[in-house]
Structures are given as C-alpha cells and as structure tokens.
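Examination of the molecular architecture
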Amino acid sequence: MIAIYPGSFDPITLGHLDIIERGSQLFSQVIVAVLRNPNKTPLFSVQQRLEQIRQSTTHLDNVEIDAFEGLTVEYATRSKAKVLLRGLRAISDFEVELQMAHTNKTLSTEIETVFLATSNEYSFLSSSVVKEIARFGGSINHLVPPHVALDTYKCFTHNQTVSNPIKTDTTEVTPLNSSPNKREM
Ligand SMILES: Nc1ncnc2c1ncn2[C@@H]1O[C@H](COP(=O)(O)OP(=O)(O)OP(=O)(O)O)[C@@H](O)[C@H]1O
Ligand SMILES: CC(C)(COP(=O)(O)O)[C@@H](O)C(=O)NCCC(=O)NCCS
Ligand SMILES: [Mg+2]
C-alpha cells in the first residue's frame, strides 16, 4: 500500500525523518510530497527542500520524493496512494490534523489518514524551532541532518559575523555563535 507524507518540510528535521523511517516499515512505498504553496514564504525553495529530503533518505529504498500543488487527496489519487501519513506531537497538532483528516475525507472517501505518534525525543521539534535557533546562531546539529544544518546556517550568515567559519565537509556543522570568544556574558 502506497502512503503519501505531505507537508512543507522547510526544512526537513529529524522528527520528519523518524516518521518517514517508521512509515517506510509499514507501507510498501512512502512518497514524501512537498506542497508548492503560493501563500507561504519559505526559507528554502521547493527544489532545495526536495534535495534536502532526497539526501536524508538515500538509505530508504521504498521512499520517493515529489512536489505537488492543489489538493492533497487529488495528488494522492493520481499517485495511487490510499493513505496520507501525518505525525502527531501534541494536542495542538491533533486539533489541526483531525480537522484536516475530516476535510480530506469529505473530498475523497477512498483515502485514509494515518497518524504516527512522535518519538519522545522529537516531541518538541518543528521546522520553525530549527529556523529560530539557527537565526540566533544556536546549534541545530542535534535537530536536523548535517547537510540541512549547513544549508540552514548558510541562509543566516549573510547578515551576521561568523567567527568560526562553517565547515562544509564534516558531519558536525559549526553554529554561528559557537565560539566562546564571541559570546557576550
Ligand atoms: N517532531 C515531529 N514528530 C512527529 N511528527 C512531526 C514532527 N515534526 C513535524 N511532524 C509532522 O510532519 C508533518 C509535516 O509537518 P511540517 O512540514 O508542517 O513540519 P513542522 O515541523 O510542523 O514545520 P512548521 O514549524 O513549519 O509547521 C505534519 O504531519 C507534522 O505533524
Ligand atoms: C500541505 C498540508 C498537508 C499541510 O502541511 P504542513 O503540515 O506542512 O503545514 C495541507 O496544507 C494540505 O494538504 N494542503 C493542500 C491543499 C488541501 O488539500 N487542502 C485540503 C485539506 S486541509
Ligand atoms: Mg507544521
């Protein structure tokens, strides 16, 4: 059975990756689908996000990456998917997700929404949190894959003084204000 995992993924986090990995154990194929949303101003272009997700999921044979516009259920029907996979972190997610699931059911009775509960260690984690931390020079190495950390730091370097240049070829990426000399007490 094919499942779509739709979302913004701006950028992909370890929380998303956890849902993708667990979903890939449950379904024959998982399509991670980035919504082309003209109403949002994302940090990363759709193309960048697709590449970030692709690099994060090379170890998963039955995971595909795609972008779509319009209604998710219509995209799911075109893709021959029967399931929309979504993650739940908290009650706040539940309210929004339940409304979305019910709305989608009115649009297509064929497609079911399946929720996976977040893993404990990622229950606080969102793309917004990652961007907020990176914007202020904090470390996001424990929150996103290394190449995504690098991309994200780069986005925020143009208007900041970087005392520790970001490494480009390692798995540990240096946050903007990680130098103790730069820290103001
Ligand atoms: N840490 C996480 N654990 C489980 N599910 C998650 C986690 N982060 C996001 N999700 C789920 O992934 C799907 C796509 O979410 P989305 O792209 O909005 O990410 P987000 O982290 O919520 O970003 P934003 O802060 O921009 O809303 C949603 O179903 C969301 O509930
Ligand atoms: C893309 C998404 C799944 C939400 O993703 P998000 O959790 O990243 O905000 C939702 O906004 C969506 O399905 N948008 C496409 C339009 C649509 O199908 N709307 C009806 C369901 S509310
Ligand atoms: Mg969200």
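Before going into details, it helps to say that this report is about the structure given with it. (Residues numbered from 1 in each chain as written. Chains lettered and ligands numbered in written order. Predicted model: local features only at pLDDT ≥ 70, side-chain atom pairs only at ≥ 80, totals over all residues. Heavy atoms only, no water.)

1. A few points about the pairing of strand 4 (residues 83-88)
What counts, and what does not: When accessible area is computed with a 1.4 Å probe and restricted to protein chains, residues below 20% of their type maximum are described as buried, those above 50% as exposed, and intermediate ones as partly exposed. Runs of E in the DSSP output that reach at least two residues are strands. Runs of H or I that reach at least four are helices, and both are numbered from the N terminus. In short, DSSP must find at least two bridges between two strands for them to pair. Look down the strands so they point away from you; if going from the first strand over the helix to the second traces a clockwise path, that crossover is right-handed.
The buried count for strand 4 comes to 5 of 6 residues, which makes it a mostly enclosed element. Summarising the sheet, strand 1 (residues 2-7) and strand 4 pair through 2 bridges and their orientation is parallel. Of the residues in strand 4, the one forming a bridge with Ile4 is Leu84. Note: strand 4 against strand 5 (residues 112-117), 6 bridges, orientation parallel. Its bridge partner lying in strand 5, Leu85 is registered against Val114. For the segment spanning strand 4, helix 4 (residues 91-107) and strand 5, crossover handedness is right-handed.

2. Observations concerning the site of ligand 2
So the rule is basically this: What makes a residue near a molecule or strand is one non-hydrogen atom of that residue sitting within 4 Å of it. Polar contact criterion, stated in full: a pair of N or O atoms within 3.5 Å, where within protein one must be able to donate a hydrogen and the other to accept it, and residues adjacent in sequence count only if both atoms are side-chain atoms. Residue burial considers only the protein chains on display, and all accessible areas are found by Shrake-Rupley using a 1.4 Å probe. For this scheme, ten residues count as nonpolar: Ala, Val, Leu, Ile, Met, Phe, Trp, Tyr, Cys and Pro. Four count as charged, namely Asp, Glu, Lys and Arg, and the remainder, Gly too, count as polar.
Around ligand 2, the structure places Gly7, Ser8, Leu35, Lys40, Gly70, Leu71, Thr72, Arg86, Met100 and Asn104. Thr72 has a polar side-chain atom sitting 2.5 Å from an oxygen atom of ligand 2. Computed on the free molecule, ligand 2 has an accessible area of 530 Å², of which 70% lies beneath the protein chains in the complex. Considering only residue class, the shell around ligand 2 consists of 3 nonpolar, 5 polar and 2 charged.

3. Description of the pattern of salt bridges
The condition that has to hold: Whenever Lys or Arg places a side-chain nitrogen within 4 Å of a carboxyl oxygen from Asp or Glu, that contact is recorded as a salt bridge.
For the structure shown, the criterion picks out 7 salt bridges. Its salt-bridge partner being Glu97, residue Arg86 comes within 2.8 Å of it at the nearest N-O pair. A residue pair is termed long-range when its members are at least 10 positions apart, and Arg86 in strand 4 and Glu97 in helix 4 qualify at 11 residues. As far as the burial class goes, Arg86 and Glu97 line up, both buried. A single salt-bridge network, built from bridges that share partners, covers Asp10, Arg49 and Lys131.

4. Overview of the site of ligand 1
Inspection of the region around ligand 1 gives 17 residues, with Tyr5, His16, Gly87, Ser127 and Ser128 positioned closest. Interatomic distance of 2.4 Å between a side-chain N/O atom of Ser128 and an oxygen atom of ligand 1. Expressed as a share of its isolated accessible area of 590 Å², the protein-covered part of ligand 1 is 88%. If one sorts the elements of the shell around ligand 1 by residue count, helix 1 (residues 14-26) sits on top with 3 residues. Tallied by class, residues from the shell around ligand 1 come to 5 nonpolar, 8 polar and 4 charged.

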